[in-house]
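# Structural description and commentary
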Amino acid sequence: MWGSMLDDIVRAAVDVARQRGQDVAEVPLPVIAAAAGLSRSTLIRRLGGRRETLDEAVRAAGVDPGGRVPVRERAITAAAELMAARGLSAVTLSAVATAVGCSLPTLHATFDRRDGLLHAVFDRYLPIDELEALAGDPPEALEETVEAVQRTLITALTRQPRVFPAMLADAFGRSDGPTGRSLLAWAPRLMRVFQTLLVPHVRAGRLRPLPLPLLIQLLISPLVTHLLLRPVLEPALAASMPEVEQVRAEFSAAFLRAAAME
């Protein structure tokens, strides 16, 4: 018996992979989480947000997790790179099949049309897993909660490929497009996250009893707007543009001035 939580996850991953007749690398994380008796967000938190952590642990246990990355994973990566470089319109199944080196029927069999591929990309790059992991073990102090949420958004908006900004641009341009539909589907999860993170501080009298959507907007909108505009403005304003950490600290203080109880 492996004693640690990671060992238990490795054992569950190996067992479910054998049951499915697949390499561990081909088994989706939600399936591994269920086999280990965990939620998907808890599993991701245990792995430090990296699928590679599991692969390394499986390899250390003497099991090959699988050599070649599955078509699904390669397609999501290729679509994300296309989206970041050329926008959402560039992400067609044909373009992704060419980038991945697979046939178009294979992609059709892997995803439910183009919307299915886009939803998989959004699911990978929208920071909902990180936010759910934060909500699963929230900081006690209000200031620490604000900082943790904002740092999560900074990571999501600045990491490469820059998919999250492309998603938001599409959503702002077409509320009924694929991004808008995906965001609508994820809205209940996001609301639960912020209910967990913010409502206890309202009940404890640390935050003003504002409507939750307004609290969320006060917390994230200034920072998100700055990070979206920063790559556009930085070439012209590089000398006067503050560091991202200074920006985060200023917006954090502004939120507390606006929403925290005296």
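Here the structure is shown first, and the text comes after it.
Structural notes, computed from the coordinates. What you see is a predicted model; the values in this text were computed from it and never measured. Along each chain, residues carry numbers from 1 onward, in the same order as the chain's sequence is written. Restriction of local features to residues with pLDDT of at least 70 applies here, the model being predicted, together with a cutoff of 80 or more for giving and counting side-chain atom pairs; totals for whole chains, interfaces and linings are based on all residues. Here the side-chain values reflect all heavy atoms present in the structure, with hydrogen atoms and water set aside.

### Some details on the nonpolar core
Nonpolar side chains in soluble globular proteins tend to end up buried together. The criterion, for reference: Here, the term nonpolar core denotes a set of buried Ala, Val, Leu, Ile, Met, Phe, Trp, Tyr and Cys residues that are joined through side-chain atoms within 4.5 Å. Using a 1.4 Å probe on the protein chains alone, a residue whose accessible area is under 20% of its type maximum counts as buried, one over 50% counts as exposed, and one in between counts as partly exposed. Two residues form a contact once any of their heavy atoms are found within 4.5 Å.
Within the largest apolar cluster, 59 residues are counted, with the highest numbers of intra-cluster contacts made by Met83, Val96, Leu117, Val121, Phe194 and Leu198. With near-sequence residues (within four places) excluded, Val96 lies in contact with Ala75, Ala78, Ala79, Leu82, Val91, Leu107 and Leu117. By size, the runner-up hydrophobic cluster in this structure holds 18 residues, among which are Ile9, Ala17, Leu47 and Val58.

### A few points about the packing of helix α13 (residues 212-237) against helix α14 (residues 244-259)
Two numbers describe a pair of packed helices, the interaxial angle and the distance between the axes. To keep things clear, this is the line we draw: Every axis in this analysis is a line fitted to C-alpha atoms, fitted for helices over the stretch in contact. Angles between the N-to-C directions lie between 0 and 180 degrees. By the criteria applied, helices consist of DSSP H or I runs no shorter than four residues and strands consist of E runs no shorter than two, each listed in order from the N terminus. Here roughly perpendicular refers to angles of 65 to 115 degrees, roughly parallel to angles under 35, roughly antiparallel to angles over 145, and oblique to all remaining angles. The handedness criterion is simple: a crossing whose near helix is rotated anticlockwise from the far helix by less than a right angle is left-handed, and one whose near helix is rotated clockwise is right-handed. Polar here means any residue outside two lists: the nonpolar Ala, Val, Leu, Ile, Met, Phe, Trp, Tyr, Cys and Pro, and the charged Asp, Glu, Lys and Arg; Gly therefore counts as polar.
The interhelical angle for the contact between α13 and α14, taken along N-to-C directions, is 155°, at an axis separation of 9 Å. Classified by the interaxial angle, the pair formed by α13 and α14 is roughly antiparallel. The element α13 and its partner α14 pack so that their crossing is right-handed. Residue-level contacts link Leu215, Leu218, Leu219, Pro222, Leu223, His226, Leu227 and Arg230 of α13 to Val244, Val247, Arg248, Phe251, Phe255 and Ala259 of α14. Partitioned by chemical class, the residues of the contact of α13 with α14 number 11 nonpolar, 1 polar and 2 charged.

### Some remarks on unusual backbone geometry
Between Gln160 and the following residue, Pro161, the backbone shows a cis peptide bond with an omega angle of -10°. Summarising the element assignment, Pro161 is placed in the loop between α10 (142-158) and α11 (163-173). Positive phi values are uncommon outside glycine, yet Arg113 reaches one of about 65°. For Arg113, the location among the structural elements is in helix α8 (residues 113-125). Relative accessible area serves as the criterion here: at 56%, Arg113 is assigned to the exposed category.

### Things to note about the environment of Leu38
Within the secondary structure, Leu38 is located in the loop between α2 (29-35) and α3 (40-46). For Leu38, a relative accessible area of 19% gives the class buried. In sequence terms Leu38 and Ile9 are 29 residues apart; their C-alpha atoms lie 9.1 Å from each other. Every residue in contact with Leu38, bar those within four places of it in the chain, is listed here: Met5, Ile9, Ala33 and Leu43.

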